[in-house]
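The residues making up each chain are set out below.
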Protein chains: 2
Amino acid sequence: MCADRINRVTPSPISGFPEWSPAERLVEQQMIDRIRASFERFGFSPIETPAVERNTVLTAKGGEETERQIYSLTGLHPQSGGDTRDYSLHFDLTVPLARYVAQHNNELVFPFRRYQIQKVWRGERPQHGRFREFTQCDIDIVGDGKLSLLADAEIPAVISNVFNSLDIGDFTIRISNRKILTGYLDHLGFAESDAAIILREADKIERQGTDPLLQALDGLENGNSATDDILAIVQTSGSPAEVLDILSTIDSGERFQQGVDELATVFEHAAEFGIAEENVTADIGIIRGLDYYTGTIYETRLDDHPQLGSICSGGRYDDLASYFIRKAMPGVGISIGLTRLFSQLLQAGIVEGGGASVAQVLVTTPDESLLAKAIEIASSLRGADVNTEIFFEQTRLGRQLRYASRKGFKFAVIPLPEDLEREQIKFRDLDAGEEYTVALSDLPGEISRHLS
Amino acid sequence: MCADRINRVTPSPISGFPEWSPAERLVEQQMIDRIRASFERFGFSPIETPAVERNTVLTAKGGEETERQIYSLTGLHPQSGGDTRDYSLHFDLTVPLARYVAQHNNELVFPFRRYQIQKVWRGERPQHGRFREFTQCDIDIVGDGKLSLLADAEIPAVISNVFNSLDIGDFTIRISNRKILTGYLDHLGFAESDAAIILREADKIERQGTDPLLQALDGLENGNSATDDILAIVQTSGSPAEVLDILSTIDSGERFQQGVDELATVFEHAAEFGIAEENVTADIGIIRGLDYYTGTIYETRLDDHPQLGSICSGGRYDDLASYFIRKAMPGVGISIGLTRLFSQLLQAGIVEGGGASVAQVLVTTPDESLLAKAIEIASSLRGADVNTEIFFEQTRLGRQLRYASRKGFKFAVIPLPEDLEREQIKFRDLDAGEEYTVALSDLPGEISRHLS
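Residues numbered from 1 in each chain as written. Chains lettered and ligands numbered in written order. Predicted model: local features only at pLDDT ≥ 70, side-chain atom pairs only at ≥ 80, totals over all residues. Heavy atoms only, no water.

1. Overview of the interface of chain B and chain A
Using the following cut-off: A contact between two residues is defined here by any heavy atoms of the two lying within 4.5 Å. Here the quantity called buried area is the accessible surface, traced with a 1.4 Å probe, that two parts lose on coming together, added over both. One side-chain nitrogen of Lys or Arg within 4 Å of one carboxyl oxygen of Asp or Glu is enough to make a salt bridge. Pairing of N or O atoms within 3.5 Å defines a polar contact, subject to two protein rules: one partner must be a possible hydrogen donor and the other a possible acceptor, and residues neighboring in sequence count only if both atoms are side-chain atoms. Helix and strand definitions here come from DSSP, where helices need a minimum of 4 consecutive H or I residues and strands a minimum of 2 consecutive E residues; each element is numbered from the N-terminal end. Gly falls in the polar group here, along with every residue not listed as nonpolar (Ala, Val, Leu, Ile, Met, Phe, Trp, Tyr, Cys, Pro) or charged (Asp, Glu, Lys, Arg).
In this complex, chain B contributes 116 residues to the contact, which on the side of chain A involves 116 residues. A buried area of about 10400 Å², summed over both sides, lies between chain B and chain A, and 55% of it is on carbon and sulfur atoms. In terms of surface lost to chain A, no three residues of chain B exceed B:Glu19, B:Arg41 and B:Leu76, which account for 8% of the buried area on that side. Linking chain B with chain A are 16 salt bridges, by the criterion used here. Between A:Glu48 and B:Arg25 there is a salt bridge; the shortest N-O distance is 3.5 Å. Our count for the chain B to chain A interface comes out at 44 residue pairs in polar contact (both at pLDDT 80 or more). If one sorts the elements of the side of chain B that touches chain A by residue count, helix H1 (residues 22-41) of chain B sits on top with 9 residues. Tallied by class, the residues present in the side of chain B that touches chain A amount to 52 nonpolar, 31 polar and 33 charged.

2. Some details on the relation of the copies chain B and chain A
Rules: Here the copies were fitted onto each other by least squares, based on C-alpha atoms from residues at pLDDT of at least 70 in both.
Structural alignment of chain B on chain A gives an RMSD of 0.0 Å, achieved by rotating through 180° and translating 0.0 Å along the axis. Read as a symmetry element, the transformation amounts to a two-fold axis. Using C-alpha coordinates, one finds that chain B approaches the rotation axis most closely at B:Leu73, a distance of 2.5 Å.

3. Brief notes about the confidence of the model for chain A
For clarity, the cut-off: pLDDT is a per-residue confidence score from the predictor, ranging from 0 to 100.
Considering every residue of chain A, the mean pLDDT works out to 93; 96% of them sit at 70 or more. The ipTM for the predicted assembly is 0.95, set against a pTM of 0.95.

4. Quick word on the pattern of salt bridges
The following threshold applies: Accessibility here uses a 1.4 Å probe with only protein chains present; expressed as a share of the type maximum, an area under 20% marks a residue as buried, one over 50% as exposed, and anything in between as partly exposed.
Under the definition given, this model contains 64 salt bridges over all chains. With a shortest N-O distance of 3.6 Å, A:Arg174 and A:Asp283 are connected by a salt bridge. Placement of the pair is A:Arg174 in strand E7 (residues 171-177) and A:Asp283 in strand E9 (residues 280-283), with a sequence separation of 109 residues. Grouping residues by exposure puts A:Arg174 and A:Asp283 together as buried. Salt-bridge contacts for A:Glu389 lead to B:Arg113; the nearest nitrogen and oxygen are separated by 3.8 Å. Linking A:Glu389 in strand E14 (residues 388-390) with B:Arg113 in strand E5 (residues 112-121), this pair reaches from one chain into another. Where salt bridges share partners, they join A:Arg174, A:Glu206, A:Asp283, A:Arg288, A:Glu299 and A:Arg301 into one cluster.

5. Brief notes about unusual backbone geometry
The omega torsion across A:Phe110 and A:Pro111 is -5°, close enough to zero to call that bond cis. Looking at the element boundaries, A:Pro111 is found in the loop between helix H4 (94-103) and strand E5 (112-121). Unlike most non-glycine residues, B:Asp167 shows phi in positive territory, near 55°. One non-glycine residue with positive phi stands out, namely B:Asp385, at about 65°.

6. A few points about a positive patch on the surface
Residues and elements named next belong to chain A. Counted only if it meets this: Patch criteria: residues need more than 30% relative accessible area and no salt bridge. Like-charged residues are merged within 9 Å; nonpolar side chains of Val, Leu, Ile, Met, Phe, Trp and Tyr are merged within 5 Å. Only the protein chains shown count as cover for residues, and all accessible areas are computed by the Shrake-Rupley method using a 1.4 Å probe. We treat Lys and Arg as the positive residues and Asp and Glu as the negative residues; His and chain ends play no part in the count. Lys charges are placed at NZ, Arg charges at CZ, Asp charges at CG and Glu charges at CD.
A contiguous patch of positive charge, built from Arg-396, Arg-399, Arg-402 and Arg-406, is present on the exposed surface. Take Arg-399: it is sitting in helix H15 (residues 397-407). For Arg-399, a relative accessible area of 47% puts it in the partly exposed group.

7. So, the pairing of strand E15 (residues 411-414) of chain B
Residues and elements named next belong to chain B. This is how it is decided: Pairing between strands is defined by DSSP: at least two bridges between the two strands are required.
What you see with E15 is no split at all: Phe-411 and Val-413 on one side and Ala-412 and Ile-414 on the other are buried throughout. Where strand E13 (residues 361-363) lies against E15, 3 bridges are found, and the strand directions are parallel. The partner of Val-363 across the bridge, within E15, is Val-413. Bridge analysis of E15 against strand E16 (residues 424-429) gives 4 bridges, and the strand direction is antiparallel. Bridged to Phe-411 within E16 is Asp-429.

8. Things to note about the state of the cysteines
Two cysteines joined by a covalent bond between their sulfur atoms form a disulfide. Residue and element names in this part refer to chain A. Counted only if it meets this: Two cysteine sulfurs form a disulfide in these notes if their separation is within 2.5 Å.
Under the defined criterion, the tally for this structure stands at 0 disulfides over all chains. With no disulfide of its own, Cys-137 has Cys-312 as its nearest cysteine by sulfur position, at a separation of 9.3 Å. When its relative accessible area of 0% is taken as the criterion, Cys-137 is described as buried.

9. A look at the sheet that holds strand E12 (residues 331-337) of chain B
All names here are of chain B. The following threshold applies: Between N-to-C directions, angles cover 0 to 180 degrees, with each direction set by a line fitted to C-alpha atoms, over the stretch in contact for helices.
If you trace the 9 strands from one edge of the open sheet to the other, you get E1-E5-E6-E12-E11-E10-E7-E9-E8, paired in mixed fashion. Edge positions in the sheet fall to strand E1 (45-46) and strand E8 (237-238), since each of these pairs with one other strand and no more. Relative to E5, helix H4 (residues 94-103) is tilted by about 135°, and along the sheet it contacts E5, strand E6 (133-142) and strand E11 (313-317). Where helix H13 (residues 338-347) meets the sheet, it contacts E6, strand E10 (296-302) and E12, and its direction lies at approximately 40° from that of E12.

10. A look at the environment of A:Ile325
Considering the arrangement of structural elements, one finds A:Ile325 in the loop between strand E11 (313-317) and strand E12 (331-337). By relative accessible area, which is 16% here, A:Ile325 ends up buried. Separated by 46 residues in the primary sequence, A:Ile325 and A:Asn279 have C-alpha atoms spaced 38 Å apart. Leave out the neighbours within four places in its chain, and A:Ile325 touches A:Ala102, A:Asn105 and B:Arg8.

11. Focus: H13(B)
Residues and elements named next belong to chain B. Across the 10 residues of H13, 8 count as buried, placing the element largely inside the fold. Looking at H13, one finds that the buried residues are Leu-338, Thr-339, Leu-341, Phe-342, Ser-343, Gln-344, Leu-345 and Leu-346. Here the buried face of H13 lies against H1, E6, helix H5 (149-166), E10 and E12. Of the residues flanking the end of H13, it is Gly-349, one or two places downstream, whose phi is positive at about 75°.

12. Quick notes on the environment of A:Phe44
Among the secondary structure elements, A:Phe44 is positioned in the loop between helix H1 (22-41) and strand E1 (45-46). With 31 residues separating them along the chain, A:Phe44 and A:Gly75 place their C-alpha atoms 37 Å apart. Filtering out sequence-adjacent residues up to four positions away, A:Phe44 remains in contact with A:Phe39, A:Arg113, A:Arg114, A:Tyr115, A:Ile139, A:Asp140, A:Ile141, A:Val158 and B:Val358.

13. Re a negative patch on the surface
A grouping of A:Asp170, A:Glu277, A:Glu278, A:Asp303 and A:Asp304 is seen on the molecular surface, where their side chains present a negatively charged patch. Relative to the elements of secondary structure, A:Glu278 occurs in the loop between helix H12 (253-272) and E9.

14. Some remarks on the sheet that holds strand E17 (residues 434-439) of chain B
All names here are of chain B. Ordered in space as E14-E13-E15-E16-E17, the 5 strands form an open sheet in which the pairing is mixed. Here the strands that pair on one side only, and so sit at the sheet edges, are strand E14 (388-390) and E17. Each adjacent strand pair in this sheet contributes to an overall mean axis angle of 25°, direction not counted.

Below is the structure:
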């Protein structure tokens, strides 16, 4: 094959489809590993659904905005082998969960606790911080007919475990209950559609101030008379005790009171899970998806980086799978938009890619005659659970050590004839620049000791 | 919302897009974890590429059969937000690797050792054992201009580490070198196109016997005169020493000899990696992709399940990214078709889904007044790295224990007032049916001891 006759394609990035360097991917993967470990610690089991669902499933709930973002599959070639007309890529992990729970209803054990860490796709117009392909990390606890409020109380413990383990700074979990605001507005006499407008505008306070809300109220019947009360309640936040104290002075009907009682129960038990007080606030101003959540709602912020917005959100819903099965399946869950979070952490310098190497040790081969010995040394390190690479190319030691530094190895093992004759071996701590010579048989133990 | 007015969609599986039960997924995930750990043990670093590539990238190399299998993206909605015309789902991880290495050439450190465990999509007509969506686990070592044969020798050590760790039975890695057969046929005077036909038919011997090869030879000029020699060489297999002995008696020109020498070098060093002798054979009959591999080639079989075919294959190629960059990038790699392997292992009963629970312990709540205590006990277990679930619903102990058994927990902790009064706690080993009562403070230690 003559390379010069090839019609070359110059590759370039695709907007909205992120691709990380090996060093960055290593950090992202560590984050996923930690999130997964936290989920498993609380007994959430992994499931995976295909990237593809039937269009009837994805559009069952409707919503034009969502449908506009759906990527359908079609054969590239006119004689495509795959019958593709009816399938599209999933745009979240909630619809697939609902479909999964309905489809496998008889085989699943309830309450069903699952986590799902997968890519999802949304055909959005690309803009800063928006991705068309991204990884979501979701957990849900789904009941068959009923689900204890204790599940709602456990979720903040999981969030707390996740973000303590990710170690990306102090965080605050904001908790509210959907029934508080909807009950309050209902009690004030607002129709459901008007209440939806008020909540949508209240959701903008943090970024745009109270003007949009005030304008909306101005346009609604009875809106102006309630302005002060509404402004007050949507800006009620603080410690659980403070907020519950304030709410206890308000008499706004049955649904409102139910929301307050549920919120009190959630906080009471959340404390039993040992969540640090500084990690939790009550915040009646958080809104979340109006057509989905029906009870407890959660948002999570990094204290030092409020501009990142909520990095972990979710809530309680009455009925997960009503579009797929005639059976009430209440649940509670949260979602971490990992790709967005990770890219923001990178940009803000909160995490950074170190070395690209997943191995801690490079066994160099300065002397070709000692190749077999180098391989044997690497095998002994691997046998001691140390990730180890061997440098195979014949080149001088300086270049091999430069490779080790560029790729971010912690140690370089340097097999030299004069050391091996005395059953000794030299290794260099590449960060510290220190060199050590130890007995050959002690090397795996010595390296393990230095690593831990 | 009145549930009865909902237009329900009854979900059903999509042919070719596998979906496992929670118990099965747990096993699949453990397999992926072990494969990943083996890859990392040898210093392969993770990368991930988008599911989507430009059509120009995916079709750069051509091949109508491949193109027929490509799934393109298109907006489901006429006013789709995503500009999708030019993108398709990747059908393997090799084209994305080539594109990645070309695109990021200046930032990567060579030799570049990467692993990639991702879904790929192929619009094949669904049939037994064929999937349209499946997970591949790939490793490659890619050099900049050159790559030592030691890399070829290390690959069997990685394969060996993977399959020892998967613990799915005895396996044999078959190794050959592409140059041996192509050199041999060239030396016999066959044109390249005729040689390709011979190799294609020789590849069928294991499943269909020698008839297709004999027929093909019958139709080629000089085919009949070479029949015995060709039949002999493509059926040459055995221990490396035996096969190299046989090959050393054959004089078939330069390319043939180069293949034999390379194979000898690979076996010499592979032995230094400590691979067990019974796990490796030389097999001149293995063929692999004709238009890609140029040197060493690998196949792997389970000794007790030859019907599964090769479960891990790969080889050496001269030039990974010739379609994307004008620079020779030789490499060597292997791929495990995980979804196919896993589904076959399930079918053959070699692996089976146990419990669906990723947690080892269920803390039951037989007494509602002890809920706070149950939560505290669960937290202490989680603090000791024991995956723990709490049973939240108020129901009698018998039902809670049945839930624990159905979901496959190893232990159920049973907090009872009379035990807790004496600072004791009861737990049941659900497999053995044994019950233990221990000091409350000893519980995490006791459970950890029983688990290990």
